[in-house]
Amino acid sequence: MKEVAQFADAEEAYVALGYLKAQGLDVHLADKQSLAAMPYLQIGLDGFRLVADEKDVHLAKQLLNDIHEEAAEGPTCANCGSHDLKRIRAFRPDIWFLFLLHPVLPFAPPTDMLRCRDCGHKQPLKDEEDDQP
């Protein structure tokens, strides 16, 4: 068994494990019982290590790299090129006073606009489904 990837977060490790098993690869989390019982050992054991058979290591690494590349391809700011965009929420004057009365109410509904957290630029949200014919 060879190491495919290391994860600091248990949830991320289990998602990657499930994805690779769904692709038909024989992968396991090394030391998962030890880390579940004694989470403070994560530092000493280098976190959650995903291991696979020697013949599956290259394919498993490539599948995980493809997922990371797809996740990084999200919308970018037209002004500065940053990926750190936030959806702008609509201000509804008809319910603003309810927030003063009860702070647990849900927030305003999202709009179809994005705001860059780095430079403050506003741009419309483009759905990928609308771009494809």
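As a starting point, this report considers the structure included with it. Throughout, a residue's number is its position along its own chain's written sequence, starting from 1. This being a predicted model, a pLDDT of at least 70 is required before a residue's local features are given, and a value of 80 or more before pairs of side-chain atoms are given or counted; all residues contribute to the totals for chains, interfaces and linings. Where side-chain values are given, they derive from all heavy atoms of the structure, hydrogens and water being excluded.

## Some thoughts on the sheet that holds strand β2 (residues 27-30)
What counts, and what does not: Any two strands with at least two DSSP-identified bridges between them are counted as paired. Each helix corresponds to a stretch of at least 4 residues labelled H or I by DSSP, and each strand to a stretch of at least 2 residues labelled E; elements are numbered beginning at the N terminus. The convention used is that axes are lines fitted to C-alpha atoms, helices contributing only their stretch in contact, and that angles between N-to-C directions extend from 0 to 180 degrees. Working rule for contacts: check all heavy atoms of both residues, and any pair within 4.5 Å makes them a contact.
Spatial ordering of the open sheet is given by β1-β3-β2, a layout of three strands whose pairing is antiparallel. Strands at the two margins of the open sheet, each flanked by one partner only, are β1 (2-7) and β2. Within this sheet the neighbouring strands show an average axis-to-axis angle of 30°, counted without direction. Across four bridges, β2 lies against strand β3 (residues 48-52) in antiparallel orientation. Across the sheet, residue Ala 30 finds its bridge partner in β3, namely Arg 49. The strands touched by helix α1 (residues 10-22) are β1, β2 and β3; relative to β2, the strand with the most contacts, the crossing angle is about 160°.

## Quick notes on the pairing of β3
Definition in use: The cut-offs for exposure are 20% and 50% of the maximum accessible area for each residue type, with area from a 1.4 Å probe on protein chains only; residues under the lower value are buried, those over the upper are exposed, and the others partly exposed.
Most of β3 is tucked away, with four of its five residues classed as buried. Where β1 lies against β3, five bridges are found, and the strand directions are antiparallel. Considered in β3, the bridge of Phe 7 is made with Phe 48.

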